[in-house]
There are 4 protein chains.
Amino acid sequence: MGAVKTKRMPRAVREQQMLDAAVRIFGQRGYMAASMDEIAELAGVSKPLVYLYLNSKEDLFTACIRREAGALVEAVRAGVRRDLPADRQLWEGLGAFFTHTGENPDAWSVLHLQARTHGEPFASEVAAMREEIVAFVTQLILAGAREAHRDPDLPEREVAGLAEALVGAAESLAAWANATPGVTARQAAATLMNFAWAGLGDLMAGRPWAPEEEQPGPHTG
Amino acid sequence: MGAVKTKRMPRAVREQQMLDAAVRIFGQRGYMAASMDEIAELAGVSKPLVYLYLNSKEDLFTACIRREAGALVEAVRAGVRRDLPADRQLWEGLGAFFTHTGENPDAWSVLHLQARTHGEPFASEVAAMREEIVAFVTQLILAGAREAHRDPDLPEREVAGLAEALVGAAESLAAWANATPGVTARQAAATLMNFAWAGLGDLMAGRPWAPEEEQPGPHTG
Amino acid sequence: MGAVKTKRMPRAVREQQMLDAAVRIFGQRGYMAASMDEIAELAGVSKPLVYLYLNSKEDLFTACIRREAGALVEAVRAGVRRDLPADRQLWEGLGAFFTHTGENPDAWSVLHLQARTHGEPFASEVAAMREEIVAFVTQLILAGAREAHRDPDLPEREVAGLAEALVGAAESLAAWANATPGVTARQAAATLMNFAWAGLGDLMAGRPWAPEEEQPGPHTG
Amino acid sequence: MGAVKTKRMPRAVREQQMLDAAVRIFGQRGYMAASMDEIAELAGVSKPLVYLYLNSKEDLFTACIRREAGALVEAVRAGVRRDLPADRQLWEGLGAFFTHTGENPDAWSVLHLQARTHGEPFASEVAAMREEIVAFVTQLILAGAREAHRDPDLPEREVAGLAEALVGAAESLAAWANATPGVTARQAAATLMNFAWAGLGDLMAGRPWAPEEEQPGPHTG
DNA sequence: TATGAATGAGTCTTCATTCAT
DNA sequence: AATGAATGAAGACTCATTCAT
């Protein structure tokens, strides 16, 4: 079940094998429940070698987070053509996101669940990645507004909230798509575009929803 | 710091004290890092008593999840007047949701982070609550469509995905609102209504977003 | 070989058993080579109980040092009658010292060898005891000078050096007496009194020191 | 910080580098806490090379003890002119001893603390050196008695005890001199000569020992 | 002569859990 | 109703030591 036990490999290769194993175990068992023993065994090496190369459980976990965060951001970046209109960029980005998370469920579990649940060295590590994505989405929202020839009078915090909501919805749909058989990445992306972009379109057209009787300002109550 | 050490209390009261302590410790430390020692100390009782009443760490955690899931659902239910239009119901429900999670961060951490991160006995426990909420939201979406005099030709899975996305966005915004100083429950709810309902409105009016060249059907590719 | 395995004893008693075992193991194996497993086994308890009561290997070692340092100082103090002349006080103190170290070789190993060899938390712990003894000896030297009706023109550092040398010689003789069969505490004390109080020069000139009333042979009892 | 990493040196040289590093690490960390890794690194070689040349940690430590014991004995021997009277020989020997230990604190730590604290292969190794020194001192005492025209009616064991005490005092003063700023090797030697040769009694009577040319007191002739 | 790669064995420490009262 | 005393089992981490080149 573990990697084929080939002896004497160069360090760089072994390190990747260890990270592969660690992502799998961390993703499935959780950070605390994962044991270094199990990781070493799955990697096909002895425990001391894991410590020699990766230093400690914390460092190993951090290395996993970094590698997988980088891979996810890279996958999304590679899936987006920057010369398209904002909505198309978002659509492509979401597709790449759902594809990558669908193909790497353990990595996604590490980033989305484990890293955020286990406090400070890790939370900020993944928060950096998330902020990068939120910033990207924020830019797309503003670009979309510009493209719709609407001066974005959306206040900054409002846009931040919208981006946050969109990213949160995407994260949530990733789990749902993985868990629901027959839902493809494309379908998940389409669902979210319907939900998000059509809504944003209305906002940009100056037609926000508001609770009726309560004197709504344009965007907040 | 722990509960006042009063001896000889009725069982029901002691159990609640223990659950209070457990929710706090689980919420702050995480399921695995929480120790029964610390919980017992914070509850002001001896460890054997915790075991006498709650059986095991797993059972204790499950009891926490059940109690807090019930409390959250109840808070949302109590905040919604069922005779209002769908959008108003959603608005009220979101307000109640953000208020409750904001006031009970440890409980929310238990439900949103800890329970989902630690595998099977627990994940399905909280999934049940989540499905209840998703079902409620699904009803509201269908009701909204009906109210808009649109026969809901939205396919069932599509609606499920939309509800899922909405709930996911709400969960995400709850964390964001808690972490961003100066964002109230009302504001979070307003942001999400703008994002979601306005978008849904367009969907209901038959104007879904679609990637241009790919001739999508009205809701999915 | 270990303590009789009696179950359920009050904490204070168990702690002493643990310290007994620890002193023995630490004294024989050395601090680092001693294993908590072995100590627990010799004490007749499980390892977690040792940690519950004594916290850590470091704390356990410190507790050993404190207990045995206290016991040694107490033994010396109890062996000295303060109303005698300085040389008699020194004689009695040395006798008590050699008796105690001879009867508790593991404790002496802990204090003299182990504690000083393993760095800072421990070295200063035993240094405090040693300073107490050096101060006592310093007082005796000054008192002896006074009794000899000589204004002690010995400079302070000189006296400190003499006391240091005397204590060092005593420590060294303790090991020698333990290792040389047939050397009693009295004999070790007599040898050291001759050496220190009379001096080699006087010895060679046939003028050994002797406790007054006890009719000693020229060099040893 | 380690030795300059020059490749391909003759074995003898490399071995000395390794012993240098080992003495330093053993002296500072202690035998058990010293790691072969650290020693190899400080020596500027790979760990397998250390094993190739020195076999094992035990053998390496033994080699350190032997080298440093030899060096210390040699230093003392070289510092003593055998044609002088006994007290002068002792005075010179002590001076050489304090000088050498002061200049090689790690080596002295290895010999005095580490070797004796870690049981059997090592304790007897250093005991051999110590016996050599004790025998030398014993001879000086007997010679001194002869020079004083006293037939030494000192029984053999008594003389052994005196020599033991003198050496123990010297060892103790070595640590004291190293730790007390401003105390030179000469001063330490003088203090000890006063203590040992003159004796406290004489000191109190105002009859200190002194090397001849330097205001000789009544006991050296 | 010299080393990068690798490990078996053992250490300290913690935790959920139970027994006897 | 409640607890002081006690433990089996397991986990992170380190080290002396060797193999293959």
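Residues numbered from 1 in each chain as written. Chains lettered and ligands numbered in written order. Predicted model: local features only at pLDDT ≥ 70, side-chain atom pairs only at ≥ 80, totals over all residues. Heavy atoms only, no water.

Draft legend 1. Region of the structure containing the overall build of chain A. Looking only at helices and strands, chain A features 9 helices and 0 strands. What you see in chain A, going N to C, is helices and strands ordered as α-α-α-α-α-α-α-α-α. Every one of the 221 residues in chain A was classed for burial, and the buried ones make up 52%. Within chain A, contacts between residues separated by at least 24 positions form 69% of all contacts whose residues are at least 6 apart in sequence. (Helix = DSSP H or I, 4+ residues; strand = E, 2+ residues; numbered from the N terminus. Buried < 20%, exposed > 50% of the residue type's maximum accessible area, 1.4 Å probe, protein only. Contact = heavy atoms within 4.5 Å.)

Draft legend 2. Inspection of the protein's contact with DNA strand F at higher detail. Close to DNA strand F lie 36 residues, the nearest being Lys-47 of chain A, Arg-8, Arg-14 and Pro-48 of chain C together with Lys-47 of chain D. The sugar and phosphate moieties of DNA strand F supply 54% of its atoms located within 4 Å of the protein. Within the side chain of Tyr-51 of chain A, one N or O atom sits 3.1 Å away from a phosphate oxygen of DNA strand F. In this structure, a phosphate oxygen belonging to DNA strand F sits 2.9 Å away from a main-chain N or O atom of Met-9 of chain C. Of the residues assigned to the surface near DNA strand F, the class counts are 18 nonpolar, 6 polar and 12 charged. (Near = heavy atom within 4 Å. Polar contact = N/O pair within 3.5 Å; in protein donor to acceptor, adjacent residues only side chain to side chain. Nonpolar A, V, L, I, M, F, W, Y, C, P; charged D, E, K, R; others polar.)

Draft legend 3. Representation of the protein's contact with DNA strand E. Within the structure, DNA strand E sits among 36 residues, and Arg-8, Arg-14 and Pro-48 of chain A, Lys-47 of chain B together with Lys-47 of chain C are positioned closest to it. Between DNA strand E and Ala-34 of chain C, the relevant distance is 3.2 Å, taken from a phosphate oxygen to a main-chain nitrogen or oxygen of the residue. With respect to DNA strand E, the side chain of Arg-14 of chain D contributes an N or O atom lying 2.9 Å from a phosphate oxygen. Mapped onto the surface near DNA strand E, the elements with two or more residues apiece are helix H1 (11-29) and helix H3 (47-54) of chain A, helix H3 (47-54) of chain B, helix H3 (47-54) of chain C together with helix H3 (47-54) of chain D.

Draft legend 4. Spotlight on the packing of helix H4 (residues 57-79) of chain C against helix H6 (residues 105-117) of chain C. Residue and element names in this part refer to chain C. The N-to-C vectors of H4 and H6 enclose an angle of 115 degrees; their axes lie 9 Å apart at closest approach. In the crossing of H4 with H6, the sense of the turn from one axis to the other is left-handed. Where H4 approaches H6, its residues Phe-61, Ile-65, Glu-68, Ala-69 and Leu-72 are matched on the opposing element by Ala-107, Trp-108, Val-110, Leu-111, Gln-114 and Ala-115. Each residue belonging to the contact of H4 with H6 can be placed in one class, and the counts come to 9 nonpolar, 1 polar and 1 charged. (Axes fitted to C-alpha atoms, helices over the stretch in contact; angles between N-to-C directions. Left-handed = near helix turned anticlockwise from the far one by under 90°.)

Draft legend 5. Representation of the side chain of Thr-191 of chain C in the model. Tracing the chain through its elements places Thr-191 of chain C in helix H9 (residues 185-204). When its relative accessible area of 3% is taken as the criterion, Thr-191 of chain C is described as buried.

Draft legend 6. Unusual backbone geometry, seen in detail. All names here are of chain C. Residue Asn-55 is not a glycine yet carries a positive backbone phi of 80 degrees. Inspection of the secondary structure assignment puts Asn-55 in the loop between H3 and H4. Among the residues examined, Asn-55 registers a relative accessible area of 53% and is labelled exposed.

Draft legend 7. Broad picture of empty space enclosed by the protein. Residue and element names in this part refer to chain C. Scanning the entire structure with this criterion turns up 15 cavities of 30 Å³ or more. Within this model, the largest cavity holds a volume of roughly 260 Å³. What lines the largest cavity is a set of 22 residues, among which Phe-97, Ile-133, Val-137, Val-167 and Ala-170 lie closest to the centre. Of all the secondary-structure elements, those providing two or more residues to the lining of the largest cavity are H4, helix H5 (86-103), H6, helix H7 (120-147) and helix H8 (156-179). Its residues assigned to classes, the lining of the largest cavity comprises 17 nonpolar, 2 polar and 3 charged. (1 Å grid on protein atoms, 1.4 Å probe; cavity = no way out; pocket = protein on both sides within 12 Å on 5 of 7 lines; lining within 4 Å. Points joined across faces, edges and corners; volume = space filled by probe spheres on them.)

Draft legend 8. Main features of the environment of Met-36 of chain A. Along the chain, the position of Met-36 of chain A falls in helix H2 (residues 36-43). Given a relative accessible area of 9%, Met-36 of chain A falls into the buried group.

Draft legend 9. The packing of helix H4 (residues 57-79) of chain A against helix H7 (residues 120-147) of chain A, seen in detail. Residues and elements named next belong to chain A. Orientation of H4 relative to H7, taken along the N-to-C sense of each, is 5 degrees, at an axis distance of 10 Å. When the axis of H4 is compared with that of H7, the two are roughly parallel. Taking contact as the criterion, the partners of Glu-58, Phe-61, Thr-62, Ile-65, Arg-66, Ala-69, Leu-72, Val-73 and Arg-77 in H4 are, on H7, Pro-121, Phe-122, Glu-125, Val-126, Met-129 and Glu-132. Within the contact of H4 with H7, the residues separate by chemical class into 9 nonpolar, 1 polar and 5 charged. (Parallel < 35°, antiparallel > 145°, perpendicular 65-115°, else oblique.)

Draft legend 10. Expanded view of the packing of aromatic side chains. All names here are of chain A. Enumeration according to the criterion identifies 30 aromatic pairs over all chains in this entry. Taken together, Phe-26, Tyr-31, Phe-61 and Phe-122 form an aromatic cluster joined through their ring pairs. Over the ring of Tyr-31 we find Lys-57, and its NZ or CZ is 4.9 Å from the ring centre. (Phe/Tyr/Trp six-rings, centres within 6.5 Å; stacked < 30°, edge-to-face > 60°. Lys NZ or Arg CZ within 6 Å of the ring centre and 35° of its normal.)

Draft legend 11. Spotlight on the side chain of Glu-171 of chain B. Secondary-structure assignment places Glu-171 of chain B in helix H8 (residues 156-179). With near-sequence residues (within four places) excluded, Glu-171 of chain B lies in contact with Ser-172 of chain A together with Phe-97, Trp-108, His-112, Arg-116 and Arg-130 of chain B.

Draft legend 12. Main features of the confidence of the model for chain A. Summary statistics for chain A give a mean pLDDT of 85 and a share of 84% for residues scoring 70 or more. Segment residues 212-221 of chain A: pLDDT under 50, and 19 contacts once partners within four positions in sequence are set aside and those in other chains are kept. (pLDDT = per-residue confidence, 0-100.)

Draft legend 13. Up close: the environment of Glu-156 of chain D. Residues and elements named next belong to chain D. Examined against the element boundaries, Glu-156 turns out to sit in helix H8 (residues 156-179). Given a relative accessible area of 72%, Glu-156 falls into the exposed group. Separated by 18 residues in the primary sequence, Glu-156 and Thr-138 have C-alpha atoms spaced 9.4 Å apart.

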